[in-house]
Structures are given as C-alpha cells and as structure tokens.
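# Chains, contacts and geometry: an overview
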Amino acid sequence: MAEQLVTLVMVVFGAALMPLAARRLSVPSAALEIVYGMLLFNTVLAHHPAWFELLKELGLIYLMFIAGTELSLRELRSSGRILRYVLIPLPAFIIMPFLMHFLGLPWYIGIVLAMISAGIVIPVLKEADLLKLPLGRDILGVALAGELISILALTFLNIFHQYGFTPMALLDLLKLVALLGLAGLGLKLLYLLAWWHPGHVDRVMRSEDPTEEGIRLVISVAFVGGLAAFAAGVEPILGSFMGGVIFSHVFKSKGRFEDKINAVGFGFLTPFFFIGVGAAFDPVLLRSPKTVLLAMGLTLLLLASKLLPLLPARIIGLRGIEAFSMALLLAAPLSLLVVAGTLGQKMGLLSPSLNGMLILTAVLASIVYPMVFRLLAPRLKQDKSK
C-alpha cells in the first residue's frame, strides 16, 4: 500500500509542477509531462501499477472529448472559407504516406505526420493576441478542419484495419454513426428540456453549484461516447471525440462551464495520459544516434507537410511570412500525434520503437515550432496594424 501511495503522490506532484515549469520555459505542459513520466518511471519507479494504466486510459478518453468540444462545426460553417480550410490539410494526407513508403518507413507514419490539432494552436494564438485578427482566425479554421479530417482518418483506418474493405467494415461504420446519432438526439432532448426549464439549467451551469451536477453530466457524455464507439467495434477515444463535437454543437453557449470541463481534464485526468506516455518511452532510444536523427528528420517533415499546400500563398490571400507562420503552428499537433502513435501501436501498424520515435518527434515539434512562431508574432501583429 505504501508503495502505491508513493507512486500516486509522485505522479500527482509532478503533474502539479509541470505547468509552472512549462509557463516559465514557454513550452506546452504536455511535453514536460511526457519528459517527467520518462524520467520518473525509468529512474525512480520500477513498475506501472494497474490503477495507473487505468487512469492513463481514462485521461486519453477525456482528452479526446475536450478536443472534440474545441471543434466548432458551426464556426467552420459560418466562416465562409470552409472549402479553403478543408483543402489546405488534405494534400499531406495523400502525399506523406507515399513519401514514407518511399523512404522505407511504414505508410502509417505519413498519416500521423499529416495530422493537425487545435490543442496548441488556440492557447498560442490567445497568448500572441492574434485570435481576433484575420490571420489568427484563418489559422484556427485550418486547425479545426484539419483536426476533424485527422479524426475521421483515424476512425476509417481503425475500422478497415480490423475488417478490410468488407461489408462488416461498412456495418461497423454505420453502427458507429447510428450510436453517435442517438447520442446527439439525446443531447438535443436535454437542450430542449433546458430551454423549457432555464432556472434549473442556470443552477447546474453556475460556478458555485455545490454538487457540480453539470460537470458530472459532461463526464458521463465523454465516457458514454467512448462506450458507444467500443460497442461499434471502434477505439473508445474516437467515440469520445465525436461525443465532444456533438456536445459542442448542441450546447452552443457553454460560458464558464467550459472552464470546468477543462479543469477536470487538464487539472487531473489528462496529465496521467501524458505522464503514462513518457513512462512507456524506452530511454534506450535516446542513446541511438540513428533514432534521434530520424526523429529530427520527421520533425522537419512535419513542418514540410504543412508548408506544402501553403506554397502558393498569394493565391490563398496570404503573404509568405503569414503562410510560414501558419505552417509553424500547425506543425505542432502534440496531443493528436501522441494519440495517433498510441493507436497505431495498438493496431500493430507501429512497433514500440517507432512509436517512441514519434513521441520524440511530437515533443521536439511542440517545443521548437511554437517558440519560433512566438518570435514572429510581434511582426505579424505590426504588419496587420498598418
């Protein structure tokens, strides 16, 4: 019992300190949590308790739910530029798998490198005070569209890896759509009930609600989405993401309630996932010059995959520095890169060493590229103010 308690305290203590260190170093806290997990479980602690693995999985499911709530389909549709936002991420999903195959690496790595996530994009844009400028809105629009495409790609790959191009794969896909449709209908009914009983909803949503009824409901939605996906034969994380998208679409105005969702996730559950990712990382990989050089090469390819569709910058209304800045920020999909690598290893498409190399790539990209973007941000704001 004492050993279990020591493990819990060290994990929770590290999770509490990493955001402070990350703020001082201007890097994503998730990147430091991965590094902390690698150091903790490979130098101080010798094993992973069963409860830690469970919390890691719960953290991953809730992380994907939060990612889903960040994706506003309504905002994408009303932007008037949705076609452009969708077309920018697509070329990488076509070209990168072929390039990886040509280089003698699994084609799945190309899919992973093509992925885009809004997880780092949103806080960096807010910090740089660019979110209200046209360039900031364009970057966010591409990030949201790219995140949706990435999750859809993972969903199709997960289904077709199990069943191939067979009627069973189509059946599982239809089953998932039906289950998520039922979830959306259930949330819509809740929304209508909320409209008829605004007083009760205000009590649930307000910050001083002592029983936190609202956040309990949201956590239930996150895990019900995962359960629906599991029932359809798909990875639970994909269902929880779709559950987040549906929740965000039905409940248009979340207000301070969104802070509660993030507090439960980033304050408690998701650090277990990132620390667990670091715990599973084999430090022997760092002693291999070939692995480190390959990870650095993949980090460059990650940027190249985002730059490729932005080369005709003038055609899409961007100056060269704006296109480069957009590519920099889109090339740091830390959470989704780690999630896709984890899923790829589960599906047998990646070996543990290749997944470790992707984790190293994700950490490098999430530190270097946002840092360079921050250096360019003052110039971007200055140019727009002229």
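Cut-offs used in this document
Residues numbered from 1 in each chain as written. Predicted model: local features only at pLDDT ≥ 70, side-chain atom pairs only at ≥ 80, totals over all residues. Heavy atoms only, no water. Helix = DSSP H or I, 4+ residues; strand = E, 2+ residues; numbered from the N terminus. Buried < 20%, exposed > 50% of the residue type's maximum accessible area, 1.4 Å probe, protein only. Contact = heavy atoms within 4.5 Å. Bend = angle between axes of the 7 residues up to and from the residue. 1 Å grid on protein atoms, 1.4 Å probe; cavity = no way out; pocket = protein on both sides within 12 Å on 5 of 7 lines; lining within 4 Å. Points joined across faces, edges and corners; volume = space filled by probe spheres on them. Nonpolar A, V, L, I, M, F, W, Y, C, P; charged D, E, K, R; others polar. Expected span 1.5 Å × (residues − 1). Polar contact = N/O pair within 3.5 Å; in protein donor to acceptor, adjacent residues only side chain to side chain. Axes fitted to C-alpha atoms, helices over the stretch in contact; angles between N-to-C directions. Parallel < 35°, antiparallel > 145°, perpendicular 65-115°, else oblique. Left-handed = near helix turned anticlockwise from the far one by under 90°. Phe/Tyr/Trp six-rings, centres within 6.5 Å; stacked < 30°, edge-to-face > 60°. Core = buried A, V, L, I, M, F, W, Y, C linked by side-chain atoms within 4.5 Å. pLDDT = per-residue confidence, 0-100.

## Some points on the overall build of the protein
- Check the secondary structure of the protein and you find 18 helices and zero strands.
- Every one of the 386 residues in the protein was classed for burial, and the buried ones make up 51%.
- Counted over contacts in the protein with a minimum sequence separation of 6, partners at least 24 positions apart contribute 80%.

## Considerations on helix H6 (residues 90-102)
- In H6, a bend of some 25 degrees at Met 96 exceeds every other bend along the element, and Pro 97, a proline, comes one to four places later.
- Among the residues of H6, those classed as buried are Ala 92, Phe 93, Met 96, Pro 97 and Met 100.
- The first or second residue beyond H6 is Gly 104, which carries a positive phi of 85 degrees.

## Quick look at empty space enclosed by the protein
- Applying the stated criterion across every chain yields a total of one cavity of 30 Å³ or more.
- When its volume is computed, the largest cavity comes out at roughly 40 Å³.
- Lining the largest cavity, in full, are Ile 88, Pro 89, Ala 92, Ala 114, Ile 116, Ser 305, Lys 306, Pro 309 and Leu 330.
- Along the lines of polarity and charge, the residues of the lining of the largest cavity split into seven nonpolar, one polar and one charged.

## Remarks on helix H17 (residues 334-346)
- For H17, spanning 13 residues, the distance from its first C-alpha to its last is 19 Å, which sits close to the expected 18 Å at 1.5 Å a residue.
- Counted residue by residue, H17 has ten buried out of 13 residues, so it is predominantly covered.
- The set of residues buried in H17 consists of Leu 334, Leu 336, Leu 337, Val 338, Val 339, Ala 340, Gly 341, Thr 342, Leu 343 and Gly 344.
- Backbone geometry just downstream of H17 places Gly 348 in the positive-phi region, at approximately 80 degrees.

## Considerations on the side chain of Ser 117
- Within the secondary structure layout, Ser 117 lies in the loop between helix H7 (107-114) and helix H8 (121-127).
- The class of Ser 117 is buried, set by a relative accessible area of 5%.
- A distance of 3.3 Å separates polar atoms of two side chains, one belonging to Ser 117 and the other to Glu 147.
- Excluding residues that lie within four positions of it along the chain, Ser 117 makes contacts with Ala 143, Glu 147, Pro 333 and Leu 336.

## Quick notes on the packing of H6 against helix H15 (residues 289-307)
- For the pair H6 and H15, the least separation of the axes is 11 Å and the interaxial angle reads 150 degrees. As far as their axial angle goes, H15 and H6 are roughly antiparallel. Crossing geometry of H6 relative to H15 is assigned as right-handed. On the side of H6, the interface is formed by Ala 92, Met 96, Leu 99 and Met 100, while H15 contributes Leu 298, Leu 301 and Ser 305.
- Each residue belonging to the contact of H6 with H15 can be placed in one class, and the counts come to six nonpolar, one polar and no charged.

## A look at the packing of aromatic side chains
- Under the criterion given, the structure shown has six aromatic pairs.
- Between the aromatic rings of Trp 107 and Tyr 108, the centroid separation amounts to 6.2 Å while the plane-to-plane angle is 80 degrees, which identifies the pairing as edge-to-face.
- Among the aromatic residues, those joined into a ring-pair cluster are Phe 41, Trp 51, Phe 52 and Phe 272.

## What about the packing of H6 against H7?
- With their axes 7 Å apart at the nearest point, H6 and H7 run at an angle of 145 degrees to one another. Crossing angle aside, the handedness with which H6 passes H7 is right-handed. Packed against H6, whose contacting residues are Ala 92, Phe 93, Met 96, Pro 97 and Met 100, the element H7 presents Trp 107, Ile 109, Gly 110, Ile 111, Leu 113 and Ala 114 at the interface.
- Of the residues that constitute the contact of H6 with H7, the class distribution is ten nonpolar, one polar and no charged.

## Some words on the nonpolar core
- Grouped together as the largest cluster of nonpolar side chains are 97 residues, with contacts concentrated most on Tyr 108, Ile 109 and Phe 373.
- In this structure, Ile 109 is in contact with Met 100, Leu 298, Leu 350, Leu 354, Met 357 and Leu 358, ignoring residues within four places of it in sequence.
- One finds Leu 32, Leu 40, Phe 41 and Ala 279 within the second-largest nonpolar core, a separate group that totals 15 residues.

## Let's talk about the environment of Thr 155
- Inspection of the secondary structure assignment puts Thr 155 in helix H9 (residues 134-163).
- Taking the relative accessible area as the measure of exposure, Thr 155 reaches 5% and is therefore buried.
- Considered as a pair, Thr 155 and Leu 173 are 18 residues apart in the sequence and their alpha carbons are 8.7 Å apart.

## So, the environment of Ser 29
- Inspection of the secondary structure assignment puts Ser 29 in helix H2 (residues 29-44).
- Here the alpha-carbon distance between Ser 29 and Ile 367, two residues 338 residues apart in the chain, equals 10.0 Å.
- Setting aside chain neighbours within four positions, we find Ser 29 in contact with Met 18, Pro 19 and Ala 22.

## Description of the confidence of the model for the protein
- For the protein, the average pLDDT comes to 79, and 80% of its residues sit at 70 or higher.
- Across the protein, H7 holds the top mean pLDDT of 92, while helix H11 (residues 198-205) sits lowest at 53.

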